[in-house]
Amino acid sequence: MTGREYRSGVSRGLPVGMGYFSVSFGFGAMAVSQGLNALDAALISLTNMTSAGQFAGLTVIVAAASLWEMVLTQLIINSRYALMSLALSQRMGQRIGILPRLLIAFFNTDEIFALAMSRREPLTLPYMLGLGTLPILGWTGGTLCGGLAGSVLPVSIRSALGVMLYGMFIAIVVPPARQERPVLAAVVLALVLSSLFAWVPALKTVSAGIAIVICTVAAAAVCAALFPVADEEDGI
Amino acid sequence: MNLYLYIAAMALTTYLIRVLPLTVFRRPIRSRFLRSFLHYVPYACLSAMTFPAILTSTESVLSGAAALAVAVVLAYRGKSLIVVALSSSAAVLVCQCAAHLLG
């Protein structure tokens, strides 16, 4: 029974694991092009399991900013996980105790969360562990491979690989922005603000991590005030 | 500063955000504003991180702009994540080859 639950989770997690491998390949290539080595890049992926947060973290590391800036950046950018963990917590109910929850929390990413919530049968610990296995391997392994590829390839190809990550961010943002006006508003507002931080001389001195935090908080707060989401919806 | 301190701070913060609502604070969020705010955060931060940084991430602004344009057009047409990413990467390679050939 336990084995079957675990295997069922693994097979559901397979497509996510493959997707993670390709996305994190871009992260590994970018991290190496910014001066990290492939193993350290893989360590970041293994311990963090989050794309946007890791990218922002890389920005903070490269800028040699303070640890507080790192904590603040992660708190803001990864805040949405609190919502997912809350929802997952209620879905798991009393069947899964505190200790296993400490483990499950580690890999509660957008995609694993979506898979867990869409399951019809009750969630069990072996199923959750199975769900996490391939995504964790894919995310870490992809980063390592991207980092190694980035280390041996010439600079021009390396910068082309590094762009993959931006391409993926664009692929995540554009479709919902096309369909939902409020999302489009959030995107445009964030773009305008981040352009100001990049190009206005007085604002250029603001460090990269703080600039991302300000752009994110301002754009999300304005849109939350103007276009509140429906009551039943629990965010991403 | 030590790289591993950064990684530890980053991993610990991210873990706490995920683990506390699963173990300690388990009541649903009542504030509609807060739920809406969290809904818009990913779009806002991904956009802010991508632009204008993508323009200066390659050897020339031109190749960065090409990557941006290709990705936006393909994503708008609903192409998959990996197709969009690889195509924007290919756009950079094409621009760089052209730049080298033209001297």
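Residues numbered from 1 in each chain as written. Chains lettered and ligands numbered in written order. Predicted model: local features only at pLDDT ≥ 70, side-chain atom pairs only at ≥ 80, totals over all residues. Heavy atoms only, no water.

J.: Would you take a moment to explain the nonpolar core for this structure?
T.: Soluble, globular proteins show a tendency: their nonpolar side chains are buried together. Formed by 88 residues in total, the largest nonpolar core has its most connected members in A:Leu88, A:Met128, A:Leu165, B:Tyr40 and B:Met49. Contact partners of B:Met49, with chain neighbours within four places excluded, come to A:Ala52, A:Phe55, A:Ala56, A:Ile77, A:Tyr166, A:Phe169 and A:Ile212. Counting residues in hydrophobic clusters, the runner-up holds seven residues, among them A:Phe197, A:Cys215, A:Ala219 and B:Ala44. (Core = buried A, V, L, I, M, F, W, Y, C linked by side-chain atoms within 4.5 Å. Buried < 20%, exposed > 50% of the residue type's maximum accessible area, 1.4 Å probe, protein only. Contact = heavy atoms within 4.5 Å.)

J.: I tried to follow the interface of chain B and chain A on my own but got confused; where do I start?
T.: Many authors give the size of an interface as the accessible area that is lost as the parts come together. Contacts between the two partners involve 65 residues from chain B and, on the opposite side, 99 residues from chain A. In this assembly, chain B packs against chain A so that about 7,200 Å² is buried in total across both faces, 74% of it on carbon and sulfur atoms. In this structure, the connection of chain B to chain A is made through zero salt bridges. Listing elements by their share of the side of chain B that touches chain A, those giving two or more residues are helix 1 (3-23), helix 2 (32-50), helix 3 (61-76) and helix 4 (81-102) of chain B. It is helix 2 of chain B that contributes the most residues to the side of chain B that touches chain A, 18 residues altogether. (Buried area = accessible area lost by both parts, 1.4 Å probe. Salt bridge = Lys/Arg side-chain N within 4 Å of Asp/Glu carboxyl O. Helix = DSSP H or I, 4+ residues; strand = E, 2+ residues; numbered from the N terminus.)

J.: Please clarify how a nonpolar patch on the surface should be interpreted in this entry.
T.: On the surface, a nonpolar cluster with roughly 350 Å² of combined accessible area is contributed by A:Leu184, A:Val188, A:Val192, A:Leu196 and A:Val200. Here A:Leu184 shows up in helix 10 (residues 181-199). (Patch = residues over 30% accessible without salt bridge, like charges linked within 9 Å, V, L, I, M, F, W, Y side chains within 5 Å. Areas by Shrake-Rupley, 256 points an atom, 1.4 Å probe, with all protein chains shown as cover.)

J.: What am I meant to see in the packing of aromatic side chains here?
T.: Centre-to-centre distance and the angle between the planes together describe a pair of aromatic rings. By the definition in use, this model includes five aromatic pairs over all chains. With centroids separated by 5.5 Å and ring planes inclined at 75 degrees, the aromatic side chains of A:Phe55 and A:Tyr166 adopt a geometry described as edge-to-face. Of this pair, A:Phe55 sits in helix 3 (residues 51-62) while A:Tyr166 sits in helix 9 (residues 155-179), and the two are 111 residues apart along the sequence. Assessed through its relative accessible area of 5%, A:Phe55 is described here as buried. Taken together, a centroid distance of 6.0 Å and an interplanar angle of 90 degrees make the contact between A:Trp199 and B:Phe51 edge-to-face. Residue A:Trp199 is found in helix 10, and its partner B:Phe51 is found in the loop between helix 2 and helix 3; the two belong to separate chains. What links up through ring pairs into an aromatic cluster is the set A:Phe55, A:Tyr166 and A:Phe169. Taking the ring centre of A:Tyr127 as reference, the NZ or CZ of A:Arg119 above it sits at 3.6 Å. Residue placement shows A:Arg178 over the ring face of B:Tyr76; its charged tip is 4.3 Å from the ring centre. (Phe/Tyr/Trp six-rings, centres within 6.5 Å; stacked < 30°, edge-to-face > 60°. Lys NZ or Arg CZ within 6 Å of the ring centre and 35° of its normal.)

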